[in-house]
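Structure at a glance
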Amino acid sequence: MFPIVQMHSIVKVYPYTLLKANDHVDLTLNEREILSLAGENGAGKTTLMKILYGMEEFDEGMIEVDGKKVNISSPLDAARLGIGMVQQHVTLVDEFTVAQNVVLGKENTVHHLLYDERKNSSKVATLIEENHFSVEPDALVGSLSVGEKQQVEILKMLYRDVRVLILDEPTAVLTSQEIDALFSTLRSLQSKGVSIILITHKLHEILEISDRVAIMRQGAMIGTYETSLVDEQSIGRMMMGETAAVPAKILTSIDSDRIVLSVDHVSIERHNQKQPLLDDIHFDLFRGEILGCTGISGNGLGQLESVLLGELPISKGKIFYHDTILSSEHKRARTREIGLPFVPSDRLYTGSSLTAPVSENMIATSREKFFPPFGIRKRKIQAYTRQLISRYKIKSEPYQAIGTLSGGNIQKVILAREIEKVKDVIICCEPTWGLDASSASFIHEQIIKLRNSGIGVLLLSSNLDEIISLSDRLLIFSRGAVVARFGVGEVSTMTKESLGPFLLGKAVRVKRGKM
Amino acid sequence: MNKKIECYNPVIYMLRSMVGLIFIVFVSLVALVGFSYYLSETPDKTIYYFFNGPFLSLYDFGNMINMAVPLIIGGLGISLAFRSGSMNIGGEGQLYFGALIATLTVIALEPLGRAGAVIAIFVAMMSSGILAGISGVLRYRWNTNVLITSFLISNAVVLIVNYLITGPFDDPLTNLFSTQPIPETAELSYILPPSNLNTSLIVAVAAVFIIHALMYRSRTGFELRMYGDNPRFAKYAGVNVMYYQIMPMFVSGAMYALAGSLSIFGTYHATIKDFSSGMGWNALAVALIARYRPFAVIPAALFFAYIESGARSAMLYSDVTFELSSIVQATVFFLVSSVTLQRLGLKKRRI
Amino acid sequence: MDTVSSLIFSAVTIMTPLLLAATGGLYTELTGMLNIGIEGLMLLGAFSSVVSLHFTHNIVLAILIGTGSSMLLAAVIASITLYLKANVFITGLAANLFASGITTVLSFHIFANKGVVTFPELPQMPVLFERGTEAVPVLGPLLFGHTFFTYLSFILLFLSYVVLYRTPFGFRLRATGLYPKSLISVGLSPKRYQFIAFLISGFFSAVAGAMLSVNLGAFVPNITAGKGWVALVVIFLGQKRPVGLLIASFIFGISEAFSNYAQGIWHIPSDFILAIPYIFTLVAIVFYSIYDYNRQKVE
C-alpha cells in the first residue's frame, strides 16, 4: 500500500494556555484506507487534523503528500492537494440551498459573470446521485436535519475532488440509522479511491468501519494498529492509559436521612421536538458520598450541568438544596446566587477570567470575605492566595494572569477556590478533562478527601475510568434520561466494557422509585 | 513538565503596553505636521504655535488645563462604564442635557444660593444618569445594543436641547443662542486669573480618586471588572447581572452631567448653543487612551486639551483653522481601539 | 402641481441620496460589518465632488474624484478595522470626525471660508423627462422630471441586486455575513470580501453626497445632516433586501417631505424634524431586539 499522507513529528503548543496539544506526533495515511484516529477528549486528535487541513499552524514537524514535502497554510492549500475536512460543527450557510453551499468558492458561471443556477444545481444533483445521498439540491440547508447537513458537508468536499477526506466525530450527533448510512457512504467512497481519516472515540465504530486505528493520548501518538488485530479492551486501555492508583473507598453504606441535594423529576422540553433534552431526571445526593453521573456527550450531562449552573430553565420538576427550592418549573436554578461550590466543565471561559490575576480568580466566589463595606483587604487577599497556592501545589504567583498558567494549574485554582467554600456539598463537572496524569490524580485525591470528611459530591464526568474508580453510586445518561442506576457496592464490580450497552442506550437498568 | 514560571514584572509590562500608545500619538502628530506643511503658507509658524501656544502665557496655560477638566470627569465615567462592558457612546447628549438641566435648576433655585447650585448639579446628574440608564435597561431586558441606543438617544436629545435653548429658554438679552445666565452666587471662583481655570479642577481631581477607589478598592469595582472581563464567569460567580448592566450606564451618564454642569458654573455661566460640541466624544477618546485607568485619564485629557488649545493658538497666530485639531483627534480615534497596536510592545506568547 | 404630487415629487428627491447610501451600506451590512462611517463618506464625497466640479467643470471627472476620495477613506476604515483589529464602530466614528474636520479645513484653505461655500457659476443639474411629471398622475411625479442622480440610484440598485444575488461574488459576499466559517472552510478569506464591501460602500456614499452638494451648487458644512445614519436605518427597515431599501427609503422620503410641509403649516421647530430619524431608528431597533429576544427564547 502506498502512503498518501505522512505527518512527521508534529508539535503544536497553544500560545495562551501553553498546552501541548501535539507532542512529536507521527501519522501515516495509506491510499484507499479508512483510518480511525482515536483518543479521549483533549487528546489532540482534532488539532492534528486541523493542522493537516491548514486551519492551525504548527510549531515543529513536516507534512508529506505523495512523498513530497508540502506547505499547508490554509484550507485552500489543502484543497489544492486534494485534502478535505468535514468539521465537527457545520460550516454551511442556512439561508443558501444545498447546491449553493456545495459550489461556494468554485461556482459554475454564465460567461464568467453570472451564477449559473441550473448548471450548479444539476452538477450537484449528479454528485448526489453518484453517492446515493438523499438530499435535494435545491432544498434550503436551514430546513435539513443534522444528518442531511453532514451529507452536504461531505458533498462539498467531494465536489472539490478530494482524495483525502477527514471527518471530525461525524457520528456524535447522528441517529443509528444515519450512522449506518454514513458508513455505507464512506465504504463506497473508499472503493472509489478516497482515503478517509475518521476522528472518533467510539470503540465499536472503530472496529466496524476502519482498516487501521491510530491512537492518541494527551497529545502523543500511542501507536497505529491493524483493526483486525486489536479489540475494544485494548484500544480503550491505550486511549485512557493506566489510571493512577486512587485511594480505596471507605464507604459501604449511606446515611439516607441526610439528603443535601435533590433533583426531583426534572425535564427540559424543546420547542417543536418530541425528544426532550432532559427526560424526568430524578436523584438525591447524600452527605459523605460521591454520586457519579456519566454518559456519552450529547446525551444529557451537559444539559444537567447547565441546569445546575442556572443557565437553562427547566420545564418540569424541582431542585432542592436541603429544604430550599433552587429551581422549579420554567425557572433557572439559583445555585450560583446561593453560592454552592461548583467546578464547571468549561474551565477557561466559565470557571475563570483569563485576563485577571490568579488572586482575583481565587477570591471570585467568596468576595464577601475580602471586602468590608468600604475598601478592600489587599493583604488578606495576598495571604489567602499564597496559602492556597502552596496548599494545592499550584505553579504560579498571585499577580500572574491566570490565562498564562497551564490547564492543570488553572483547574487547581478553580478547585481550590470552590473547595474552600464547601459546607456540605460540591458539584464537579469533568474535573480532570484534558489534564495530565499527575494533576488528575491530585484532583481525584482532593475529591475523595472531601467525600471522606462527610461532604456530598456530585460528579459529572464522561471519563469512565474516573467515574468507576470514584463513584459510590452511579447514574448513566442516555438520550437525556437516566437509563441505569448502580448502588453502593455495585459500582466497583463494573468495568468500562460492562457499562457500554447502557451508555449506548441498548440496555436499561432502572429500579422503581428513588434510590 | 518542568516549566519555569515566566518572569512577570508589572512595571516592565506597563511600559511595554505603552509602546502601541506612543506609536499612535506619534502617528497623529506626524499627521499634524504633514497637514500643516500642506495647508499653511507659514508652516513653521503654524507648527510653532500649535506646539508652544498653550505655554505662551498663563492665560493660555490655564485655559488648556480648564479644557481638560470636563474631559477628565467625562473620561472617568466612560472608564468605569467601558471597563464593565457598557459601551456608552451617548456622551454628547448626556453632557449637553445635564448642562441645561443644571442651568435651569440653579436659576429656579436662585434664592437658595450655593445650596441651590449643589442641588442643581445633583438633579442634572440624576437626569443624565437616567437618560443613559435607559440604554442599560433596554440591554438588560431585551439585549438591545447599548452602543446604538445610547448614540441615538443622545443625538435626538442634542437636537431637543438645541430647540429648548433657541426656543422656550432663549435669553432675549444676548445675541447668542443661550439660556439666561446663572446667578452669580453659583459661579465657581477662578484659580489662575486671567484664565478661565476654576475650582472645578479640584472636583475633577477628587473624582479621579473616588472613581479609582470605586473601581479598584471596593467590592462593587471588583464585581464590575469581573463582569467586564468575562460576563460568563461573573454570572457563574453569582454577580448581579442586572446591576452591572445598568449601574455603569447610570454612573457614566451622571459623570457627563457633572462635567457639563461644572463647565457651565465655572466657564460659560449659561448654556450656550453647541458649547459642548465634541466634548462627549473627546472624553470617550480620553478614556480609550487611558485604557480605563482613572489616574491615566488625567494625562490623556491633558493631551487632548493640549491639541485643542494648540489648534486654537495656531488659528489665532497663523493661517490655519481650528478644525485641524479634529483631524489629529480622528487619527488617534482611528487607531486607539486597534488590538494589534495595543499588543505592539508585548511579545507573542510562544515557547 | 397639487399638494399630493409635489409631496411625492419631493419625496423622490429626498429619498435619492438615502437610497444610494443605503445600497452601498447594504454591501457592508451583508458582510456583517456595521458601517457607521457612511455619514463621513457621504460628507467627504459631497465636498470633493462639488469642489472638483467647480475647478474642472466636468461632472464625470468630479464624480470620479469624489468617489475616489471616499473610497480612499473607506479603505482606511477597512484596513484599520480588519487588519489592525480595531472596533468597527470606533473606526467608523473616527471617519465621521475626520471627514467633518478635513472638509472644514480644506474649505478654509481653498476658499478662506468655513461656512457655506456657493458656486453660482455651476449650472443647474438638468432634469430628465420633465414633461412627464404633470402629465401622469401619481406615477408622473414619482418617475419623471428628476435629475440623473435619481435614475442612477434606480439603475445602481438594480445592478446591486444582480451582483448580490446572481453572481458568485454576491454569494460569497453574503456568505461572509451569514456564516464566515463557510468561506474559511473552503479556503476563502472573509476579510477580503469585507474590504471590497467597504470600498463599494465608499463609492455609493460618495455619489449620494455628490448629489446633495452638486444639486445645491454649494457646499454647506455638515450638509449630510445625519443622512448617513438614516441610510443605516433604511437598511434595517428594508430587511437588508434591495426592494426593501426602495420601499424604506421612499417611506423616509415621504415622511420627511410631509414634515417639511407640516412645518410650514403648523410651525414645528426644525430641530424636532431633525430629531425624527433618530427617534424612528431607536424605536425600530428596540422593536427588532424584542422580536429577536423572543425568537431566541423559543429556541
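Residues numbered from 1 in each chain as written. Chains lettered and ligands numbered in written order. Predicted model: local features only at pLDDT ≥ 70, side-chain atom pairs only at ≥ 80, totals over all residues. Heavy atoms only, no water.

Each helix and strand counted, chain C has 13 helices and two strands in total. Its C-alpha radius of gyration of 19 Å places chain C within 12% of the 19 Å reference for a compact globule of 299 residues. Principal axes of the C-alpha set define a box for chain C whose edges measure 55 × 45 × 35 Å. Each of the 299 residues in chain C was classed as buried or not, and the buried ones make up 56%. Long-range contacts, defined as pairs at least 24 residues apart, comprise 74% of the intrachain contacts of chain C with a sequence gap of at least 6. Accessible surface, chain C: about 12400 Å² in total, of which carbon and sulfur atoms supply 69%. (Helix = DSSP H or I, 4+ residues; strand = E, 2+ residues; numbered from the N terminus. Rg over C-alpha atoms; globule rule 2.2 N^0.38 Å. Buried < 20%, exposed > 50% of the residue type's maximum accessible area, 1.4 Å probe, protein only. Contact = heavy atoms within 4.5 Å. Areas by Shrake-Rupley, 256 points an atom, 1.4 Å probe, with all protein chains shown as cover.)

Right, let's get into the interface of chain C and chain B. If you look at the interface, chain C gives 41 residues, while chain B gives 43 residues. Here chain C and chain B share an interface that buries about 3800 Å² over both sides, 81% of which is from carbon and sulfur atoms. At the junction of chain C and chain B, the tally comes to one salt bridge. Here Lys 114 of chain C and Glu 323 of chain B are joined by a salt bridge, their closest N and O atoms 3.2 Å apart. (Buried area = accessible area lost by both parts, 1.4 Å probe. Salt bridge = Lys/Arg side-chain N within 4 Å of Asp/Glu carboxyl O.)

Time to look at the interface of chain B and chain A. Counting from both sides, the interface comprises 24 residues of chain B and, opposite them, 38 residues of chain A. Interface area, chain B with chain A, both sides summed: about 2800 Å², of which 56% is carbon and sulfur. Summed over the shared surface of chain B and chain A, the number is three salt bridges. With a shortest N-O distance of 3.3 Å, Glu 311 of chain A and Arg 232 of chain B are connected by a salt bridge. Joining chain B to chain A, the criterion identifies twelve residue pairs in polar contact (both at pLDDT 80 or more). Those elements that place two or more of their residues in the side of chain B that touches chain A are helix H9 (219–229) and helix H10 (231–236) of chain B. Ranked by residue count, the leading element in the side of chain B that touches chain A is H9 of chain B, at six residues. Of the residues assigned to the side of chain B that touches chain A, the class counts are eleven nonpolar, three polar and ten charged. (Polar contact = N/O pair within 3.5 Å; in protein donor to acceptor, adjacent residues only side chain to side chain. Nonpolar A, V, L, I, M, F, W, Y, C, P; charged D, E, K, R; others polar.)

Sheet strands pair via backbone hydrogen bonds, and the direction of the pair is either parallel or antiparallel. Residue and element names in this part refer to chain A. Pairing in this open sheet of four strands is antiparallel, and the strands run S2-S1-S4-S5 from one edge to the other. With one partner strand each, in any of the chains shown, strand S2 (20–30) and strand S5 (68–70) form the two edges of the open sheet. Adjacent strand axes in the sheet meet at a mean angle of 25° when their direction is disregarded. Pairing between strand S1 (residues 3–13) and strand S4 (residues 60–65): five bridges, direction antiparallel. What sits directly across from Gln 6, in S4, is Glu 64. Against the sheet, helix H1 (residues 45–52) makes contact with S1, S2 and S4, and its axis sits at roughly 120° relative to S1, the strand it touches most. (Pairing = 2+ DSSP bridges. Axes fitted to C-alpha atoms, helices over the stretch in contact; angles between N-to-C directions.)

Attention now goes to the pairing of strand S17 (residues 324–327) of chain A. Both strand S16 (residues 316–321) of chain A and S17 of chain A contribute to a ladder of three bridges, which runs antiparallel. Paired with Tyr 321 of chain A across the two strands is Thr 324 of chain A, which belongs to S17 of chain A.

In this model, chain B carries an average pLDDT of 89, and 95% of its residues clear a pLDDT of 70 or more. Every residue in residues 1–7 of chain B is under pLDDT 50, and counting partners more than four places away or in other chains gives seven contacts. (pLDDT = per-residue confidence, 0-100.)

As a further point, take a positive patch on the surface. Side chains of Arg 332 of chain A, Arg 141 and Lys 235 of chain B together with Lys 297 of chain C sit close together on the surface and give a patch of like positive charge. Looking at the secondary structure, you find Arg 332 of chain A in the loop between S17 and helix H10 (335–338). On the basis of relative accessible area, Arg 332 of chain A is assigned to the partly exposed category, the value being 48%. (Patch = residues over 30% accessible without salt bridge, like charges linked within 9 Å, V, L, I, M, F, W, Y side chains within 5 Å. Lys, Arg positive; Asp, Glu negative; His and termini not counted. Charge placed at Lys NZ, Arg CZ, Asp CG, Glu CD.)

What follows covers the sheet that holds S16 of chain A. All names here are of chain A. Read from one edge of the open sheet, four strands run S14-S13-S16-S17, paired in antiparallel fashion. Either end of the sheet is taken by a strand with one partner, and the two such strands are strand S14 (278–286) and S17. Recorded for the sheet is a direction-independent mean angle of 20° between the axes of neighbouring strands. Across the sheet, helix H9 (residues 301–309) lies against strand S13 (259–268), S14 and S16, angled at about 65° from S14, the strand it touches most.

This brings us to the side chain of Asp 472 of chain A. Residues and elements named next belong to chain A. Counting through the fold element by element, Asp 472 comes out in the loop between helix H15 (464–470) and strand S21 (473–478). Taking the relative accessible area as the measure of exposure, Asp 472 reaches 5% and is therefore buried. Engagement of the side chain of Asp 472 in a polar contact is seen with the backbone nitrogen of Ile 290, the distance being 2.7 Å. Within the structure, Asp 472 has its side chain in polar contact with the side chain of Arg 451 (distance 2.7 Å).

Ranked by internal contacts, the top residues of the largest apolar core, which has 265 residues, are Leu 458 of chain A together with Phe 265 and Leu 284 of chain B. Not counting residues up to four positions away in its chain, the partners in contact with Leu 458 of chain A are Leu 261, Phe 283, Leu 285, Leu 291, Cys 293, Leu 308, Ile 426, Ile 427 and Cys 428 of chain A. Ala 43, Ile 51, Leu 144 and Val 164 of chain A belong to the second-largest nonpolar core, a separate cluster that totals 72 residues. (Core = buried A, V, L, I, M, F, W, Y, C linked by side-chain atoms within 4.5 Å.)

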